[in-house]
Amino acid sequence: MVASKLNLIFLILLALQLSVILSEHNDDNNGISMTLHMTSSDLQGYERVTKMVLASKDRAWALKHRIYNHHQMKMKRKSKSLKEMISLQESLYASSVSVAYFIKFSVGTPSQADLLLIMDTGSDLVWVPCTQNYTCNNCVKDISASNGIFLPGKSSSAQNVKCADPKCKELFCGNRNGRCSQSLQNCSGICPDYVSTYGKGSTTGHLLSETFALPLEGGGRREIQNFGVGCSIASSKISGIAGFGRGGLSMPSQLASLIGDKFAYCLQSHQLFDDQNKSSRMVLGDMAVPKDIALYYTPFLINSTVSASSSHYYIGLEGVSIGGKRLKLPSNLLSFDSQGNGGTIIDSGTSFTIFPEAIYKEIVDAFASQIAHRRAGDLEAMTGLELCYNFSGVANIQFPEFAFIFKGGSEMVLPDENCFMQVTSDSFCLAMLNTSILENAIGPAALLGNYQQQNFYILYDREKNRLGFRQQNCKTYG
């Protein structure tokens, strides 16, 4: 009798404890709504624009060379040792970040200091600055200075990942149809250290299975157990990445079975004269599909020829229109060739949309033929943007309408401010780039950057393999 009463008391206390935990979560079981923080350069005027241009080109270089490096690794795999071959080629940031979007979360049991990690749709691994010996060379001051460091020795839930663990195989093999599993066949202990290179920088560490907690937009937090996270002991340029790519170790992939395989964001404007360090909204899981707005959709494409590109979100860009007129663009650049070259990816880490020269020239010529104002050649030279106009004395400034035309017929019509950036009080520049980096090389032909995604609700519906979008005032939405 006494035992049954004790059991009843225990069950009541357990129920009360669970109710407290659920109230702390303050979210729906099918998703997590959270804040997406933005940090940008302290530079002002054309100097800041120049940095955004250089960072976008470096980002493109990193994305391209990730594919190139994977090809080089595949060619040399037979002659390399295990130690030499356990290098991950991630597509992160090759230079100082000009505009970056961060998520905040804590790791360990008990939870340690909040960490700010760049949200990156071009890579998979989630890695944090880790251990007391962590060093970051040439890190961006405004990004890294306030970032915490995770100390796994003080966490009761930190576990080293074993070689036989699927997380380890995913880390080194990814979506390569088992072709790299041979690299781990002689490994029987702890998963080997990773070396993740990204353009001109890198990070190194080892994989852990840990508990991490995401702070929720309305207060409280959501804890996730047995999450695969990289414990980096050294890095350069960047002090933490939250990979949101298509690989198995990315954040949305690891959360998919719990809350659904989707995520979305709505990026507030980061125009040159806007207030800096704004926060935006991000939603993970099934609740990322909005109930109050109807989205336009285009399917994600799979570039099966280049397995290293499995992290990327390819979309079927079939053309563009300017001033209501569809341009004739070289179709060979917009589709995949037999080697996997070409195509378009949508990317959270590139500021300005980038086109190869043949496409960019058509866009510039079309705008130039429809805009009857004086070119600002001095501004073009200073910023690196190739189409700038001076509108001094013009009261009502208007630009021809620009639209991306996607596979399936959906069109993404850009507002003027997403197409032309105001650089001075009376000068505007086309916020798109032409770079030889994308010519005669492996990888995507075009990158749709975050500047063009401002004030759009962007849904990555990985479950149905499609991208959803609709123009939205992200300052007030949600």
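Residues numbered from 1 in each chain as written. Predicted model: local features only at pLDDT ≥ 70, side-chain atom pairs only at ≥ 80, totals over all residues. Heavy atoms only, no water.

Trainee: When you look at the state of the cysteines in this model, what are you seeing that I'm missing?
Mentor: By definition, a disulfide is the covalent link that joins the sulfur atoms of two cysteine residues. Across all of its chains, the model carries 5 disulfides by this definition. Two residues, Cys 168 and Cys 191, share a disulfide whose sulfurs are 2.2 Å apart. Handedness of the Cys 168-Cys 191 disulfide follows from its S-S torsion of about 85 degrees: it is right-handed. Within this pair, whereas Cys 168 is found in helix α5 (residues 166-173), its partner Cys 191 is found in the loop between α5 and β8 (194-198), the two being separated by 23 residues in sequence. With a relative accessible area of 0%, Cys 168 lands in the buried category. By relative accessible area, Cys 191 is classed as buried at 3%. (Disulfide = S-S within 2.5 Å. Helix = DSSP H or I, 4+ residues; strand = E, 2+ residues; numbered from the N terminus. Buried < 20%, exposed > 50% of the residue type's maximum accessible area, 1.4 Å probe, protein only.)

Trainee: Would you take a moment to explain the sheet that holds strand β21 (residues 388-390) for this structure?
Mentor: Where strands meet in a sheet, backbone hydrogen bonds hold them as pairs that are either parallel or antiparallel. Strands sit in the order β20-β21-β25-β24 across an open sheet of 4 strands; the sheet is antiparallel. Two strands lie at the open edges of the sheet, namely β20 (374-375) and β24 (420-424), each paired on one side alone. Against the sheet, helix α8 (residues 357-370) makes contact with β21, β24 and β25 (427-430), and its axis sits at roughly 145 degrees relative to β25, the strand it touches most. (Pairing = 2+ DSSP bridges. Contact = heavy atoms within 4.5 Å. Axes fitted to C-alpha atoms, helices over the stretch in contact; angles between N-to-C directions.)

Trainee: What's the story with the packing of aromatic side chains in this structure? I'm lost.
Mentor: The way to describe two aromatic rings as a pair is by their centre distance and the angle between their planes. Enumeration according to the criterion identifies 22 aromatic pairs in this entry. Plain terms: the ring middles of Tyr 314 and Phe 336 are 5.0 Å apart, the flat faces sit at 85 degrees to each other, and that makes the pair edge-to-face. Of this pair, Tyr 314 sits in strand β15 (residues 314-315) while Phe 336 sits in the loop between α7 (331-334) and β18 (344-346), and the two are 22 residues apart along the sequence. Here Phe 336 falls in the partly exposed class, since its relative accessible area comes to 29%. A centroid spacing of 6.1 Å and a plane angle of 20 degrees characterise the contact between Phe 367 and Phe 402, whose relative ring orientation is stacked. Remark: Phe 402 occurs in strand β22 (residues 402-406) and Phe 367 occurs in helix α8; sequence separation between them is 35 residues. You can call Phe 402 buried: its relative accessible area is 0%. Ring pairing ties together the aromatic residues Tyr 296, Phe 367, Tyr 389, Phe 391, Phe 399, Phe 402, Phe 404, Phe 406, Phe 420, Phe 428 and Phe 469, which thus form one cluster. The positively charged end of Arg 375 is found above the aromatic ring belonging to Tyr 389, 6.0 Å away from the centroid. (Phe/Tyr/Trp six-rings, centres within 6.5 Å; stacked < 30°, edge-to-face > 60°. Lys NZ or Arg CZ within 6 Å of the ring centre and 35° of its normal.)

Trainee: In this structure, what is going on with the pattern of salt bridges? I would like to understand it.
Mentor: Any two side chains of opposite charge can pair, so long as their charged atoms come close to each other. Within the structure shown, the criterion is met by 9 salt bridges. Notably, a salt bridge pairs Lys 262 with Asp 286, separated by 2.8 Å at the nearest N-O pair. Note that Lys 262 is positioned in strand β12 (residues 262-266) and Asp 286 in the loop between β13 (279-285) and β14 (296-301), a separation of 24 residues in sequence. Here Lys 262 ties to Glu 463 by a salt bridge, and the two come within 3.0 Å at their closest N and O atoms. Of this pair, Lys 262 sits in strand β12 while Glu 463 sits in the loop between β28 (456-461) and β29 (466-471), and the two are 201 residues apart along the sequence. With relative accessibility at 8%, the residue Lys 262 sits in the buried group. Salt bridges here are not isolated pairs; linked through shared partners, they connect Arg 59, Asp 120 and Asp 347. (Salt bridge = Lys/Arg side-chain N within 4 Å of Asp/Glu carboxyl O.)

Trainee: Sorry if this is basic, but what is going on with the pairing of β28 here?
Mentor: A regular strand places its side chains on the two faces of the sheet in alternate fashion. Most of β28 sits inside the fold, with 6 of its 6 residues counted as buried. A two-sided burial pattern is seen for β28, the buried positions comprising Phe 456, Ile 458 and Tyr 460 on one face and Tyr 457, Leu 459 and Asp 461 on the other. Two successive antiparallel strands, β28 and β29, enclose a turn made up of 4 residues, where Asn 465 displays a positive phi of approximately 55 degrees.

Trainee: For this particular structure, what's the right way to read the sheet that holds strand β23 (residues 411-414)?
Mentor: Within the open sheet, the 4 strands sit side by side as β17-β16-β22-β23. Their pairing is antiparallel. Two strands lie at the open edges of the sheet, namely β17 (325-326) and β23, each paired on one side alone. Note that β22 and β23 share 4 bridges and pair antiparallel. Its bridge partner being in β23, Ile 405 is matched across the sheet by Glu 411. In this fold α8 packs onto β16 (317-322) and β22, with an angle of close to 15 degrees to the strand it touches most, β16.

Trainee: Explanation requested: unusual backbone geometry in the structure shown.
Mentor: A negative phi angle is the norm for most residues apart from glycine, just as the trans form is the norm for most peptide bonds. A cis amide bond, omega -5 degrees, links Thr 109 with the succeeding residue Pro 110. Secondary-structure assignment places Pro 110 in the loop between β3 (99-107) and β4 (115-120). Despite not being glycine, Asn 226 has its phi angle at roughly 55 degrees, a positive value. With respect to the helices, strands and loops of the structure, Asn 226 is situated in strand β10 (residues 221-236). Of note, Asn 455 is a non-glycine position whose phi angle comes to about 55 degrees, a positive value. Mapped onto the secondary structure, Asn 455 falls in the loop between β27 (446-448) and β28. Accessibility expressed as a relative area gives 18% for Asn 455, which makes it buried.

Trainee: Before we go on, may I ask you to explain the nonpolar core in this structure?
Mentor: The nonpolar side chains of soluble globular proteins are, as a tendency, buried together. Ranked by internal contacts, the top residues of the largest apolar core, which has 72 residues, are Met 251 and Leu 284. With 6 residues, the top contributor of residues to this core is α8. Excluding anything up to four places from it in sequence, Leu 284 contacts Asn 30, Gly 31, Ile 32, Met 34, Leu 214, Phe 244, Met 251, Leu 255, Ile 259, Lys 262 and Phe 263. Ranked by size, the runner-up nonpolar core spans 20 residues in total, among them Val 49, Val 53, Tyr 314 and Cys 388. (Core = buried A, V, L, I, M, F, W, Y, C linked by side-chain atoms within 4.5 Å.)

Read these as layout, nothing more, since geometry by itself doesn't imply function.
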